[in-house]
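Next come the chains, spelled out residue by residue.
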Amino acid sequence: RLSFTDGMGHAMVHATLFSISWLPLSVGTGTYYITRCSSMSYFLSNSLLSLALSGILISCMVIAFDCWDRRQFKEGFLYCGTVHVGTALMILLLNFKSNGCIISIPISLVISVVMCGYAMKTWWTRTANEKRTDDDSDSLIHQTPVAVVREER
């Protein structure tokens, strides 16, 4: 739960900074199109990229905390760092091409869905194990007492 809320906070900061950077463009009528991505509104493309990056950041936090708990620091750092930086560079480099947003947005959304699926699997496995150990410990407490019968000789 802590990793999810930490990832949510990280994603909200990113989305807030993206939104603040759009404010100067939103002063006026209509929507805004740029020449690099003329097929899609600037605000729509940035909203979809914010959604994708939010999913990636939240799932990276869940996976990083899981690796931290299992003491696999190097694997968690490499996996989450590579996905985070790789996605950001992919979006940046593809958006330099004409209509690159048509390629970068679906790819980042697919990466986000895959990462969220993996994070959900990780979370489900961890909470199922915790529930199983809680049930095992509770079953020892709540067992019916066994009567001990002594044989007299």
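Predicted model, so just to flag it, every value in this text is computed and none were measured.

## Considering the overall build of the protein
Consideration 1: Counting its regular elements, the protein contains 4 helices and 0 strands.
Consideration 2: Taken from N to C terminus, the helices and strands of the protein fall in the order α-α-α-α.
Consideration 3: In the protein, buried positions account for 27% of the 153 residues.
Consideration 4: Taking as baseline every contact in the protein between residues at least 6 positions apart, the subset at least 24 positions apart corresponds to 69%.
Consideration 5: Accessible surface for the protein amounts to roughly 11000 Å². Of this, 67% is attributable to carbon and sulfur atoms.

## Things to note about the packing of aromatic side chains
Consideration 1: All chains considered together, the criterion is met by 2 aromatic pairs.
Consideration 2: Taking 6.0 Å as the distance between ring centres and 55° as the angle between the ring planes, the aromatic pair formed by Tyr 79 and Tyr 118 counts as tilted. Taken together, the residues span a long stretch of sequence, with Tyr 79 in helix α3 (residues 73-94) and Tyr 118 in helix α4 (residues 101-141) at a distance of 39 residues.
Consideration 3: With a relative accessible area of 35%, Tyr 79 lands in the partly exposed category.
Consideration 4: Judged by its relative accessible area of 39%, Tyr 118 falls in the partly exposed class.

## Topic: the environment of Ala 119
Consideration 1: One can find Ala 119 in helix α4.
Consideration 2: C-alpha of Ala 119 to C-alpha of Val 62: the two residues are 57 residues apart in sequence and 6.1 Å apart in space.
Consideration 3: Excluding its chain neighbours within four sequence positions, the residues that come into contact with Ala 119 are Ser 59, Val 62 and Ile 63.

## Brief notes about the state of the cysteines
Consideration 1: As enumerated under the stated definition, the model contains 0 disulfides in all.
Consideration 2: Cys 80 provides the cysteine sulfur closest to Cys 60, a residue in no disulfide bond, and the two sulfurs are 4.2 Å apart.
Consideration 3: Judged by its relative accessible area of 7%, Cys 60 is buried.
Consideration 4: Among the residues examined, Cys 80 registers a relative accessible area of 9% and is labelled buried.

## Notes on the nonpolar core
Consideration 1: Membership of the largest hydrophobic core comes to 18 residues, with the highest contact counts inside it found for Cys 60 and Ile 63.
Consideration 2: Among the secondary structure elements, those contributing two or more residues to this core are α2 (42-69), α3 and α4.
Consideration 3: For this core, the leading source of residues is α2, giving 7 residues.
Consideration 4: Those residues in contact with Cys 60 that lie beyond four places of it in its chain are Cys 80, Val 83 and Met 115.

So, how was this worked out
Residue positions are counted from 1 within each chain, in the order its sequence is given. Predicted model: local features are reported for residues with pLDDT of at least 70 only, side-chain atom pairs are reported and counted for 80 or more only, and whole-chain, interface and lining totals are derived from all residues. Calculation of side-chain values draws on the structure's entire complement of heavy atoms; hydrogens and water are dropped beforehand. Each helix corresponds to a stretch of at least 4 residues labelled H or I by DSSP, and each strand to a stretch of at least 2 residues labelled E; elements are numbered beginning at the N terminus. Per-residue accessibility, obtained with a 1.4 Å probe over protein chains only, is compared with the maximum for each type, and a residue is labelled buried under 20%, exposed over 50%, and partly exposed between these values. We call two residues in contact whenever any of their non-hydrogen atoms come within 4.5 Å of each other. Only the protein chains shown count as cover for residues, and all accessible areas are computed by the Shrake-Rupley method using a 1.4 Å probe. Within 6.5 Å between ring centres, the rings of Phe, Tyr and Trp (the latter by its six-membered ring) count as paired, and their orientation is classed by plane angle as stacked under 30 degrees, edge-to-face over 60, tilted in between. Throughout, a disulfide means two cysteine sulfur atoms within 2.5 Å of one another. The nonpolar core is taken to be a set of buried Ala, Val, Leu, Ile, Met, Phe, Trp, Tyr and Cys residues, with the residues joined through side-chain atoms within 4.5 Å.

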